[in-house]
Amino acid sequence: MNQSKDFLRTIVEEDLKSGKYKEVVTRFPPEPNGFPHIGHAKSIAINFGIARDYKGHCNLRMDDTNPTTEDTQYVEALKDAVKWLGFDWGDDVYFTSDYFFQLYDYAVQLIKMDKAYVDSLDEETMREYRGTVTEAGRRSKYAQRSVEENLDLFDRMKNGEFKDGEHVLRAKIDMSAANMKMRDPLLYRIRHAHHFRAGDEWSIYPMYDFAHCLSDYIEGVTHSICTLEFENNRDIYNWVLDTLELKPPRPYQHEFARLGINYTVMSKRKLLELVEDGQVSGWDDPRLPTIAGYKRRGYTPESILTFCDQIGIAKANSMVDVAQLEFCIRDDLNTKVPRVMCVLDPLKVTIENYEGSEEIDASYYPDDVPKDGSRKLPFSREIYIERDDFMENPPKGYFRLTPEQPVRLKHGFIISCKEVIKDANGNITEIKAEYYPDSRSGSDSSGIKVKSAIQWVSAKEAKTVEVRLYDRLFSAEIPEGVDDLNPDSLKIIKDALIEPAVITDKPDERFQFERQGYFYADPVDYSDENPVFNKIVGLKDSWSKKTKVKDTPKPKAKKVQVDGEVVPMSEAEQALFDKYTAEFGLNSEVANTLARDEQLSSFYEESLSLLDSPVSLANIVTNEVARELKQIEASELKFSAKQIAQLVQMVDDTTISNKIAKQVFEEMVRSGEDPAKIVEAKGLVQISDPAKISPIIDEIITKNPDNVAKFRAGNTKLLSFFVGQVLKATGGKANPKVVNELVAEKLK
RNA sequence: UGGGGUAUCGCCAAGCGGUAAGGCACUAGUUUUUGGUACUGGUAUUCGGGGGUUCGAAUCCCUCUACCCCAUCCA
């Protein structure tokens, strides 16, 4: 389990601690226009997971504001997915369509505040007016309509008096906003369409940006968690909620990176294409990354949840390796599922020195799985083994049956090959073998050593089953289109042979077919007459890995860094730069930063007029003050140039160290207090007396014998570990230079 | 091109000025009647590049680069 919290949980915890919210409420808000996939599972795991971890609540809400794409079959699929993953949304599923009246009232309110208007531009003109990313847009002339006119028009839009596209309701924000989304976004559009829940009652429908934030607010959501592509929409989210001056508390939006997995596609559009083109058998095709697909294939909800937990939550776009998912399902099934024997590609073996038949008692689980249960394995003269498990001319390191090498029949006897029978084409059709009667599993006294034990079935009793072998849907790591489909993603074996107990006793739905992989009785096509098994995932296979030609490890080319051009300085900036370097002796980097920033340079010069310490002042101004100036204007700063001069003065006369100066500076940023007062109040005066520092170092050294040894063994970077410990012990007050010297001395 | 994001091992991902966590993958070995599992070890002298500040920088400052998102009456 991850010990470290993800950034969302960190935010939630802070908000709870600060009292911003009493209880955390999240929501999972899909649009019911497609089947949920594993990306949704991540979102479900996050939203429901956070609610569970902080004893809050998570709503399931269908974001059904677009009547033309949505359907009730999808809401069922969504509900199934959440339920299957083991989460509980409480009594009701929420629908944005349930809020249509409230939403309408909020829109009216916005119109009354003159913050929204009915626009009647046609679509194309509206796009033109929106401008481009580099050019500001301009506002429609309809933005000047009076409140009364807007109210009347909006009412008539609602009443269905206009055709689709004739008018829209827009927020009145800023047509020249740098954020394109803020250029008077659409709030409502006319759509004479049947809504799967609201029926034909509405002829206007709210847009996502208007409906989503308000739905969150209506439901009392505190943390509205969505994916990265909505970052630009956050401004509207806040604008709507703020403009309406809603009673607090209100929700805030936070974004995380959506899930990508290699060798598959995750977008609804591409998934829909595959389904509609018949490339797959349906939304629940076991090769699809849909929840329904994983469920049908035999994945457990636990494995999906573990996967979501393992991949973490962050803001970097990423592509997770399927191997991670495959590990999760193997790991889960390993401890849960009975082992049985199934032969996929049968090769007949006749044991010539065996007569009659018997039943072998065999445990379903290996010793390292603490579960009980066993079945009877029929054994007789004629058996089948896997064709792969015999080789006439084996490569080096082959552990299975060969003309020279005996092998154990798992749970049974050791056999060796006496004769290889071939057909006219030279294909092996049968093996004549001999068994060793004293090699019975569990009571072997034969003394024969074998290198492996293979699966087998008795010819007479074995049942024929259909096995569907699934492989990755695409052969390209990042698929571009149908050309990248893997032609071998589905292989159907109609006549695999399985031991009878699997069919007659049905000990489970999921099995490990010994040495092959995990399989699942297909929930749709399985019947007693025609048993069908889906391959969930193969076992790790280090033998085939060895035999396969290794992928040539690409020599990793060091990325070539292209250097961009730096904008040249203006004449005035250049003059300033020259003055700083020549007169004040600043290094060019610091002088450069200062000279190019008007606010910084004037702050610097003001402080310089109070204290003649050009270098120290320049350093603190370029590094520390600059950080603050990134957020706010110089006039809003709580501290003054004079106080900075005082601070630098204290560093210069060694009253405090640079480290403490940073600490004091932070306090100045917060309170605007004089540095001298802060130093006094917190007792931050530097300790430089070796006699005072020495005993502290001694203590640290005795406490960390391991690291002392490592240091003496040559791990010199541990010096800074010890320095850090000493500084920590003194609350940062020890003079680091002195500490460094002393520590180095003592550790010698 | 304006704005908003992101960059730490092959793939995810912690880290918030003081010893570069963890998982997957890879790899070597031990155990094994599954070439599985389990266990033990090995895998980043370095955090996109370059500078600067500091006793000390993945973390602070400057700068460059690459990638993602935004100009649907989709969500």
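Residues numbered from 1 in each chain as written. Chains lettered and ligands numbered in written order. Predicted model: local features only at pLDDT ≥ 70, side-chain atom pairs only at ≥ 80, totals over all residues. Heavy atoms only, no water.

Caption draft 1: Representation of the pairing of strand 24 (residues 517-521) in the model. Most of strand 24 is tucked away, with five of its five residues classed as buried. As paired strands, strand 23 (residues 510-513) and strand 24 are joined by four bridges and run antiparallel to one another. Its bridge partner lying in strand 24, Phe513 is registered against Gly517. Linking two consecutive strands that pair antiparallel, namely strand 23 and strand 24, is a turn of three residues; a positive phi of about 70° is found at Arg515 within it. Sheet analysis places strand 24 next to strand 25 (residues 532-538), joined by five bridges and oriented antiparallel. (Buried < 20%, exposed > 50% of the residue type's maximum accessible area, 1.4 Å probe, protein only. Helix = DSSP H or I, 4+ residues; strand = E, 2+ residues; numbered from the N terminus. Pairing = 2+ DSSP bridges.)

Caption draft 2: View of the confidence of the model for chain A. Residues with a pLDDT of 70 or more make up 98% of chain A, whose mean pLDDT is 95. Scoring of the predicted complex yields 0.96 for pTM and 0.97 for ipTM. (pLDDT = per-residue confidence, 0-100.)

Caption draft 3: Summary view of the protein's contact with RNA strand B. RNA strand B sits among 98 residues. The nearest are Arg191, Arg339, Ser441, Arg627 and Leu727. Per the 4 Å cut-off to the protein, sugar and phosphate atoms form 62% of the nearby atoms of RNA strand B. Asn587 places a polar side-chain atom, nitrogen or oxygen, 2.8 Å from a sugar or linking oxygen of RNA strand B. Here the element with the most residues in the surface near RNA strand B is helix 24 (residues 718-729); it accounts for six residues. (Near = heavy atom within 4 Å. Polar contact = N/O pair within 3.5 Å; in protein donor to acceptor, adjacent residues only side chain to side chain.)

Caption draft 4: Expanded view of the side chain of Arg287. Relative to the helices and strands, Arg287 is located in the loop between helix 9 (268-276) and helix 10 (291-297). Arg287 sits in the buried class, given a relative accessible area of 14%. Setting aside residues up to four positions removed in sequence, Arg287 forms contacts with Gln279, Val280, Ser281, Arg297, Tyr470, Asp471, Leu473, Ser489 and Leu490. (Contact = heavy atoms within 4.5 Å.)

Caption draft 5: Region of interest: helix 1 (residues 7-17). Residues of helix 1 that are buried: Leu8, Arg9, Val12 and Asp15. Considered in projection along helix 1, the buried side chains sweep an arc of 125° and stay on one side of the axis. Residues of helix 1 that are exposed and angled more than 90 degrees away from the buried face: Glu14 and Lys17. Looking at the buried side of helix 1, the elements it contacts are helix 2 (38-53), strand 8 (223-227) and strand 9 (252-256). Looking at where helix 1 begins, the residue whose side-chain oxygen comes 3.0 Å from the main-chain nitrogen of Leu8 is Asp6. (Arc of directions from axis to C-beta.)

Caption draft 6: Molecular detail of the environment of Tyr518. In this fold, Tyr518 is placed in strand 24. Taking the C-alpha atoms as reference points, Tyr518 and Glu148, 370 residues apart in sequence, are found 68 Å from one another. Polar contacts involving the side chain of Tyr518 include one to the side chain of Gln512, which spans 3.1 Å.

Caption draft 7: Here's a closer look at the pattern of salt bridges. All told, the structure shown has 55 salt bridges when counted by the stated rule. Put simply, Glu434 and Lys418 hold a salt bridge, and the shortest N to O gap is 3.9 Å. Of the two residues, Glu434 sits in strand 18 (residues 428-435) while Lys418 sits in strand 17 (residues 414-422), which places them 16 residues apart along the sequence. When its relative accessible area of 30% is taken as the criterion, Glu434 is described as partly exposed. (Salt bridge = Lys/Arg side-chain N within 4 Å of Asp/Glu carboxyl O.)

Caption draft 8: Focus on the domain arrangement of chain A. For chain A, the assigned domains are domain 1 (99-208), domain 2 (342-454), domain 3 (571-682) and domain 4 (690-746). Summarising the inter-unit geometry, the C-alpha centres of domain 3 and domain 4 are found 31 Å apart. In this assembly, four residues from domain 3 lie in contact with five residues from domain 4. Of the roughly 320 Å² buried where domain 3 meets domain 4, counting both sides, 68% is carbon and sulfur surface. Sorting the residues of domain 3 by area buried against domain 4 places Ser657, Lys659 and Ile660 first, and these three jointly supply 82% of that buried surface. The tally of links between domain 3 and domain 4 comes to zero salt bridges. Taken together, the connections running from domain 3 to domain 4 amount to zero residue pairs in polar contact (both at pLDDT 80 or more). Residue classes in the side of domain 3 that touches domain 4 are distributed as one nonpolar, two polar and one charged. (Domains from an automatic or database assignment. Buried area = accessible area lost by both parts, 1.4 Å probe. Nonpolar A, V, L, I, M, F, W, Y, C, P; charged D, E, K, R; others polar.)

Caption draft 9: Expanded view of the sheet that holds strand 12 (residues 346-351). Taken in spatial order, the seven strands make up an open sheet running 19-16-17-18-12-15-20, and their pairing is mixed. Every other strand in the sheet has two partners, leaving strand 19 (453-454) and strand 20 (456-458) as the edge strands with one partner each. Pairing geometry for strand 16 (residues 407-409) and strand 17, over two bridges, is antiparallel. In the sheet register, Val407 faces strand 17, and the bridge partner there is Ile415.

Caption draft 10: Examining helix 17 (residues 598-608) more closely. Those residues of helix 17 lying buried are Leu600, Ser601, Phe603, Tyr604, Ser607 and Leu608. Down the axis of helix 17, the buried side of the element spans an arc of 160°, and every buried residue falls inside it. Tucked inside the fold, the buried residues of helix 17 contact helix 15 (571-582), helix 16 (588-596), helix 18 (614-631) and helix 19 (641-652). Where helix 17 begins, one side-chain oxygen reaches toward the backbone nitrogen of Gln599, 3.0 Å away; that side chain belongs to Asp597.

Caption draft 11: Local environment of the packing of helix 18 against helix 19. At their nearest, the axes of helix 18 and helix 19 sit 10 Å apart, and the two run at 120° to each other. As summarised for this structure, helix 18 and helix 19 are arranged oblique, according to the angle between their axes. Note on packing geometry: the crossing formed by helix 18 with helix 19 is right-handed. Residues Ser616, Leu617, Ile620 and Val625 of helix 18 pack against Ile644, Ala645, Leu647, Val648 and Asp652 of helix 19. Each residue belonging to the contact of helix 18 with helix 19 can be placed in one class, and the counts come to seven nonpolar, one polar and one charged. (Axes fitted to C-alpha atoms, helices over the stretch in contact; angles between N-to-C directions. Parallel < 35°, antiparallel > 145°, perpendicular 65-115°, else oblique. Left-handed = near helix turned anticlockwise from the far one by under 90°.)

Caption draft 12: Quick peek at the packing of helix 15 against helix 17. At a closest axis distance of 12 Å, the pairing of helix 15 and helix 17 adopts a crossing angle of 40°. Handedness of the helix 15/helix 17 crossing: left-handed. Residues Leu576, Lys579 and Tyr580 of helix 15 touch helix 17, and the partners they reach there are Ser601, Tyr604 and Glu605. A per-class count over the contact of helix 15 with helix 17 returns three nonpolar, one polar and two charged.

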